[in-house]
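In case you want the letters, here they are:
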Amino acid sequence: MYLFLIVLSVGSCFLGFILECVRGNVVHVNNGREPNAGAAIFPAIPLTQCFYVAVAWPLNMLSSNLGFFVVIAYFIVASAIKTYHYVKLNKELKAHDQGRLT
C-alpha cells in the first residue's frame, strides 16, 4: 500500500507541475511575453513522497489503514482543486491567445 501512496504522490506532483506551468504562462502573457514557463521538479518529487508516507505511517499505527484512507482522501480533494484551477487558468490562457483579453 505504501508503494501505491508513492504512485499517488507522483501523480500529485505532475498535476502540480502542469498547474504551475499554466499559471506561469498566464503571468507571461499578462506581462506581454511569450508563454514558455516551466516548473521545477526538485524538491517536489522526493518531498511529496516523504510527506505522504510520513502522514500515513503514524496514522496506520493508531488504526488499521487509517493513514491510507486519509492520504487517499487528501489526494482526491487536492487533485480536484488542482484540476479546477487548471481548467480555469487554461481558459484564461486560451482567451489571451484569441485576443479577447487585454
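Residues numbered from 1 in each chain as written. Predicted model: local features only at pLDDT ≥ 70, side-chain atom pairs only at ≥ 80, totals over all residues. Heavy atoms only, no water.

Here we come to the side chain of threonine 48. Along the chain, the position of threonine 48 falls in helix H2 (residues 44–62). In this structure threonine 48 comes out as buried when scored by relative accessible area, which is 18%. (Helix = DSSP H or I, 4+ residues; strand = E, 2+ residues; numbered from the N terminus. Buried < 20%, exposed > 50% of the residue type's maximum accessible area, 1.4 Å probe, protein only.)

For the rest of this paragraph, the subject is the environment of leucine 3. Mapped onto the fold, leucine 3 is located in helix H1 (residues 2–30). Using a relative accessible area of 62% as the deciding quantity, one classes leucine 3 as exposed.

Let's shift gears to H2. In a regular helix each residue adds 1.5 Å, so 19 residues correspond to 27 Å; H2 covers 28 Å between its end C-alpha atoms and thus fits that length. Of all the positions in H2, only Thr48, Gln49, Tyr52, Val53, Ala56 and Asn60 are classed as buried. Down the axis of H2, the buried side of the element spans an arc of 120 degrees, and every buried residue falls inside it. Along H2, the residues that are exposed and aim more than 90 degrees away from the buried face are Leu47, Cys50, Met61 and Leu62. Looking at the buried side of H2, the elements it contacts are H1 and helix H3 (66–97). (Expected span 1.5 Å × (residues − 1). Arc of directions from axis to C-beta. Contact = heavy atoms within 4.5 Å.)

Moving on, we come to the packing of H1 against H3. Packing of H1 against H3 brings their axes to within 9 Å, and their N-to-C directions diverge by 20 degrees. Here H1 is positioned roughly parallel relative to H3, judged by the angle of their axes. By crossing handedness, the relation of H1 to H3 is classed as left-handed. (Axes fitted to C-alpha atoms, helices over the stretch in contact; angles between N-to-C directions. Parallel < 35°, antiparallel > 145°, perpendicular 65-115°, else oblique. Left-handed = near helix turned anticlockwise from the far one by under 90°.)

This brings us to the environment of proline 35. One can find proline 35 in the loop between H1 and H2. When its relative accessible area of 38% is taken as the criterion, proline 35 is described as partly exposed. Put simply, proline 35 and valine 22 are 13 residues apart on the chain and 8.7 Å apart in space, counted from C-alpha to C-alpha.

This paragraph deals with the nonpolar core. One finds Leu5, Leu8, Tyr52, Ala56, Phe68, Val71 and Phe75 forming the largest nonpolar core, which totals seven residues. Mapped onto this core, the elements with two or more residues apiece are H1, H2 and H3. A per-element tally of this core places H3 first, with three residues. Sequence-distant contacts of phenylalanine 68, defined by excluding residues within four places in its chain, comprise Met1, Tyr2, Leu5, Ala56 and Asn60. Within the second largest apolar cluster, six residues are counted, among which are Leu19, Val22, Val29 and Leu93. (Core = buried A, V, L, I, M, F, W, Y, C linked by side-chain atoms within 4.5 Å.)

With that settled, the discussion passes to the state of the cysteines. If you walk through the whole model with that rule in mind, you get zero disulfides. Lacking any disulfide linkage, cysteine 50 is separated from the closest cysteine sulfur, that of cysteine 13, by 11 Å. (Disulfide = S-S within 2.5 Å.)

Remember that the coordinates give geometry; whether it matters functionally is a separate question.
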